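Breakdown of the fold
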Amino acid sequence: MFQEHGVPSSAALEVSSSTRCLFSSKLVPESLPYLSHIVRAIIAANATWSPNDPLELYLERVSGDIIQAVQALKESRPKPTEDLRSLLAELIQNLADCSAYCTDNSLSYPFDRAQRQVQDVLAIIFPDPSQSESSARKEIVDASIDPQISACIEQFKLGPHTAPRLFNGLWQMSSPAWGSASSAKQDIALTELVRCGLVGTDMADHYGDAELIYGGFRNRLPREVADRVLAMTKWCIFGPLEKPVTPEFVLEAVKERSRRLSGRVELLQFHWHDYEAKEYLQILAELVKIAKAQPSLVSAIGLCNFDTEHTVEACEYLLANLGEVGIVSNQVQYSLIDSRPTVAMAAACQKYGLKLLTYGSFCGGFLSDRWLGKPAPDVYSETLGLTPSQRKYYDMISTWGSWEELQALLKVLRGIADKYNVSTSNVATRWVLDHDEVGAVIVGTRLGVSSNVSDNMHVFSFSLSDEDKAAIAAVNPPEKAKALFDRIGDCGGEYRKMH
Ligand SMILES: NC(=O)c1ccc[n+]([C@@H]2O[C@H](COP(=O)([O-])OP(=O)(O)OC[C@H]3O[C@@H](n4cnc5c(N)ncnc54)[C@H](OP(=O)(O)O)[C@@H]3O)[C@@H](O)[C@H]2O)c1
């Protein structure tokens, strides 16, 4: 499969595409021997590659496939059978052999991330206390926060933390469909974000190896930089619980995320599948108690995709049972296209002192100069290669209005951007940040694949005048937010309809 220097053969491409079909159809254990086979074939063929040539990029994509396959295994929590153990052990062994082969031949090792992810799934499905990872810090990333560049960043209070008003978002680690990069390339991207002062990162338990990436990076930072970094992840419960809620059950979930982050969770955001099942109130109370009792494990608790009614219910429950609200945030979709939070959520945030952490604020990139004057994309086009975010937000745009209305909005944003010498995206982000209930905008970040950091930093260089806001409202009136609210429900309603 790898006879030619730097190029994968068509056989290699075929094997990996069939393997992808297997694990995407939930046949993950069946896909593991093929993934092992690809890794082994590298050594068998004495394969060689140079930085960024097609073979290296192909292998990074295979690494992404391993991460995605293993993530699916992690989420399905299969029975710990001997067959499964031996398939995973074989994969780990092949990866270790490939690492040695790469070292011996001075080749970049493309499977760092995959190896860490397989080790993580082994630790979850086959826990072995004698194999617990050492928490020893390895300071090898030469990173620092540039005081001059970071000075412009607006900050806000997030529980006990002071946080920048732009976070990095790592949903993009969920699948190689956004592109894959090696650990080395991701380290370079993360170092640049830290240098700019963008030290807050949003992850989730189901965003592929995002927690492992960020935890591993933080653990290798100089102490004074690591102490400024905020690792914010989630505990997402997408279906009925199999166990009763006990303090131990909740503590175990917190510990699992802290283990993957190799340290403290600065914010744990809780997503719940069904408001009819009231266990979430008990879970939230336990989480708040843990954050108070063990701040070195988790230091703040937030909600994720809660609607206003149930945010209020949770706050009132916590007040009645713990004497304080205890939670600090809610993560919701919020953009010029989806401004449902203005309808009811904003008032609840003000009442209970919560901050919104917003996603989709760029509409996956549609709210940018890249799409100004462009025809509507064919979301199924193979050649266009839209990202999963773009597919998601294209749907949202169609629910909000039409492509023509988006173009009219982009034109107005461009006009405002010209006044301040910034980008259309900067104006769209500024509009979200200018709402009091918003703590930070989370910027979807394809680590090592694309970077918008220098453009996004300009959001702190200007503010919108009343005239600018009126011009935006003229093409995107507030009634559109209410219409969207009435059509698809309050924040997060779209997720619960799926389950
Ligand atoms: N709780 C939830 O249910 C939920 C759901 C979705 C997302 N999230 C979180 O929120 C984060 C952000 O959301 P998202 O990724 O869905 O949407 P998003 O931030 O609106 O879109 C991300 C995309 O916007 C583009 N972009 C960023 N800055 C830009 C700029 N200055 N100019 C032009 N394009 C720019 C980038 O495209 P390119 O990479 O192509 O440059 C990026 O991939 C996620 O990573 C995740 O952490 C949470």
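To be clear, the structure that these remarks concern was listed above.
Residues numbered from 1 in each chain as written. Predicted model: local features only at pLDDT ≥ 70, side-chain atom pairs only at ≥ 80, totals over all residues.

**Some thoughts on the overall build of the chain**
Tallying secondary structure elements over the chain gives 20 helices and ten strands in all. Relative to the globule expectation of 23 Å for 499 residues, the C-alpha radius of gyration of the chain, 23 Å, shows essentially globular dimensions. For the chain, the spread of C-alpha atoms along the principal axes amounts to about 65 × 55 × 45 Å. Buried residues in the chain amount to 44% of all 499 residues. Counted over contacts in the chain with a minimum sequence separation of 6, partners at least 24 positions apart contribute 82%. (Helix = DSSP H or I, 4+ residues; strand = E, 2+ residues; numbered from the N terminus. Rg over C-alpha atoms; globule rule 2.2 N^0.38 Å. Buried ≥ 20, exposed ≤ 12 C-beta atoms within 10 Å, placed from the backbone. Contact = placed C-beta atoms within 7 Å.)

**Considering the pairing of strand β10 (residues 438-444)**
With seven of its seven residues buried, β10 lies for the most part within the structure. Strand direction decides the pairing type here: strand β9 (residues 355-359) and β10, joined by three bridges, are parallel. Within β10, the position partnered with leucine 357 by the bridge is alanine 440. (Pairing = 2+ DSSP bridges.)

**Let's talk about the site of the ligand**
Near the ligand there are 28 residues, and of these Gly169, Tyr359, Phe362, Gly444 and Asn452 occur at the shortest range. Counting residues per element, the ones that place at least two in the shell around the ligand are β10 and α17 (453-456). The greatest single-element share of the shell around the ligand, amounting to three residues, is contributed by β10. Taken together, the residues that form the shell around the ligand break down as eight nonpolar, 16 polar and four charged. (Near = placed C-beta within 6 Å. Nonpolar A, V, L, I, M, F, W, Y, C, P; charged D, E, K, R; others polar.)

**Focus: the nonpolar core**
Counting 96 residues, the largest nonpolar core has Leu268, Phe270, Leu284, Leu287, Ile301 and Ile327 as the members making the most contacts within it. A total of eight residues in this core trace back to one element, the largest contributor, which is helix α11 (residues 279-293). Ignoring sequence-local partners within four residues, the contact set of phenylalanine 270 consists of Trp235, Ile283, Leu284, Leu287, Ile301, Leu303 and Cys304. Counting 32 residues, the second largest nonpolar core, distinct from the first, contains Phe2, Ile38, Leu59 and Ile67. (Core = buried A, V, L, I, M, F, W, Y, C linked by C-beta atoms within 7 Å.)

**Observations regarding the packing of helix α3 (residues 54-76) against helix α5 (residues 112-125)**
Across the interface, α3 lies against α5 with an axial gap of 8 Å and an inter-helix angle of 15°. When the interaxial angle is binned, α3 and α5 end up roughly parallel. The element α3 and its partner α5 pack so that their crossing is left-handed. In contact with Ser63, Ile66, Ile67, Val70, Leu73 and Lys74 of α3, α5 contributes Arg113, Ala114, Gln117, Val118, Val121 and Ile124. When the residues that make up the contact of α3 with α5 are grouped by side-chain class, the tally is eight nonpolar, two polar and two charged. (Axes fitted to C-alpha atoms, helices over the stretch in contact; angles between N-to-C directions. Parallel < 35°, antiparallel > 145°, perpendicular 65-115°, else oblique. Left-handed = near helix turned anticlockwise from the far one by under 90°.)

**Some details on α3**
Side chains of residues three or four places apart in an α-helix project in the same direction, reflecting 3.6 residues per turn. Given a rise of 1.5 Å per residue, 23 residues ought to cover 33 Å, and the 33 Å separating the end C-alpha atoms of α3 matches this to within 8%. Positive phi appears at arginine 77, one or two residues downstream of α3, with a value of about 40°. (Expected span 1.5 Å × (residues − 1).)

**Considerations on the packing of α11 against helix α12 (residues 308-322)**
Relative to each other, α11 and α12 sit at 55°, their axes nearing to 10 Å. In terms of axis orientation, α11 runs oblique to α12. Like other packed secondary-structure pairs, α11 and α12 cross with a definite hand, here right-handed. Contacts from Leu281, Leu284, Ala285 and Val288 of α11 reach α12 at Ala314, Tyr317, Leu318, Asn321 and Leu322. Tallied by class, the residues present in the contact of α11 with α12 amount to eight nonpolar, one polar and no charged.

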